[in-house]
Amino acid sequence: MSGAAALDAFVDPPQLPRLERRAGAAGVSAERQSIAYVVLMAVFLLAFTVRLYSVIRYESVIHEFDPQFNYKATQKLVDDGPAAFINWFDAAVWYPLGRWVGHTVYPGLMGTAAALHAALAAAGFPVALRNVCVFTAPVFAGATAVVTYLLAKEAFDEGAALLAAAFISIMPGYTSRSVAGSYDNEAVAIFALVNTFYFWVRAVKSGSMKWAAGAAAAYAYMITTWGGYLYIANLLPLYTVGMVLLGRFSGRLYVAYCVWYAVGTLLGVLVPFVGFNAVFGAAHALSHAVFALLQLHVAVGGLVAHVGFKNAVAVAKAAAGFVVAGVAVAGV
């Protein structure tokens, strides 16, 4: 047997059935996946524990000014319910004007802590609301590491995903805003931010309305937690425009953007602090414009495909003439 033949036999041994080789590869893959899950769990614990210094050094307390106000608002939500929280007017702050708290805060942080408090109580673990608020940020920091792993895995591979999760778990800028007792909006907002991008990537890759609706839901959750949601509201439209200009527009992107835009905007209107700013606000104008341009792009592309370029130009001229005539008549 020649050297090349021997090498081929070593790489792809003919005596080994194909089914057995696949089973062996599947076994190795399952083993690697199990190791990856163990590492990811360790990263989650790392993200959680590195944020407990203040609790270990001192005690379980809420520090800084905004977290204290957020805790007070959460207590109001738990004690009196969502309706009373939304209509809560606090005459003791911003004296002598007072403050309509329910319509001037992002309620996502309070709602998340209240839901965790209720879930723990229902599961037979009654935990003081203060402690739930103290540990909300470290728990969600671990969850953010997990979602970062999922996002990076979609873009690269298992190793890069684990590294990305490890890096974000100890990132100084994020750690400083999510330590135990720092009960502020970023505690859950970064999780919602990364979650939105993960669902968006899945939606663009698959063209599934389910994943696009998930991106819209994560975006809506982001709206309830932090004003930084405008970063998503403008970044995704810019990405979509870039894909169109680069000639990489597809039906999958169309489905992902339209579902995200329609559902996300509708849910955003329901947040009292945002309201119809999600429709009429200048910060949202780009998302509206891109949605309209996408409809025009698809309509023109379909028209050209069905009647040809010359006929499509004739139809466009006729339509423009009707529009101009309509405007002129309306003006008269």
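A few points on the structure. (Residues numbered from 1 in each chain as written. Predicted model: local features only at pLDDT ≥ 70, side-chain atom pairs only at ≥ 80, totals over all residues. Heavy atoms only, no water.)

**A word on the packing of aromatic side chains**
Here a ring pair, both rings aromatic, is described through the centre-centre distance and the interplanar angle of the planes. On inspection of all chains with the given rule, the structure shows 17 aromatic pairs. With 6.3 Å between their ring centres and 65° between their planes, Tyr 219 and Tyr 229 make a pair best called edge-to-face. Pair noted here: Tyr 219 is in helix H11 (residues 209-225) and Tyr 229 is in helix H12 (residues 229-245), with a separation of 10 residues, a long-range link. As far as burial versus exposure is concerned, Tyr 219 and Tyr 229 are alike and both buried. Where Phe 249 meets Tyr 254, the ring centres are 6.4 Å apart and the plane angle is 80°; that geometry is what we call edge-to-face. Among the aromatic side chains, those forming a connected cluster through ring pairs are Trp 200, Tyr 219, Tyr 229, Tyr 239, Tyr 257, Trp 260, Tyr 261 and Phe 291. The aromatic ring of Tyr 174 is capped on one face by Arg 51, whose charged end is 5.0 Å from the ring centroid. (Phe/Tyr/Trp six-rings, centres within 6.5 Å; stacked < 30°, edge-to-face > 60°. Helix = DSSP H or I, 4+ residues; strand = E, 2+ residues; numbered from the N terminus. Buried < 20%, exposed > 50% of the residue type's maximum accessible area, 1.4 Å probe, protein only. Lys NZ or Arg CZ within 6 Å of the ring centre and 35° of its normal.)

**A closer look at unusual backbone geometry**
Cis geometry is adopted by the peptide bond preceding Pro 96, which originates at Tyr 95 and carries an omega value of 5°. By the secondary structure assignment, Pro 96 is in the loop between strand E1 (89-90) and strand E2 (99-100). Phi at Glu 64 is positive, roughly 75°, even though this residue is not glycine. Within the element layout of this structure, Glu 64 appears in the loop between helix H3 (53-57) and helix H4 (65-80).

**Description of the packing of helix H10 (residues 186-206) against H11**
Running from amino to carboxyl end, H10 crosses H11 at an angle of 160°, the nearest separation of the two axes being 8 Å. With respect to H11, the element H10 is oriented roughly antiparallel. Our pair here, H10 against H11, has a crossing hand that is left-handed. Broken down by class, the residue content of the contact of H10 with H11 amounts to 16 nonpolar, five polar and one charged. (Axes fitted to C-alpha atoms, helices over the stretch in contact; angles between N-to-C directions. Parallel < 35°, antiparallel > 145°, perpendicular 65-115°, else oblique. Left-handed = near helix turned anticlockwise from the far one by under 90°. Nonpolar A, V, L, I, M, F, W, Y, C, P; charged D, E, K, R; others polar.)

**Let's talk about the nonpolar core**
With 71 residues, the main nonpolar core has Trp 200, Ile 232 and Trp 260 as its most contacted residues. Among the elements that take part in this core, H10 stands out by supplying 13 residues, more than any other. Among residues more than four places away in sequence, those in contact with Trp 260 are Trp 200, Ala 212, Ala 215, Ala 216, Tyr 219, Ile 232, Ala 233, Leu 236, Pro 237 and Thr 265. (Core = buried A, V, L, I, M, F, W, Y, C linked by side-chain atoms within 4.5 Å. Contact = heavy atoms within 4.5 Å.)

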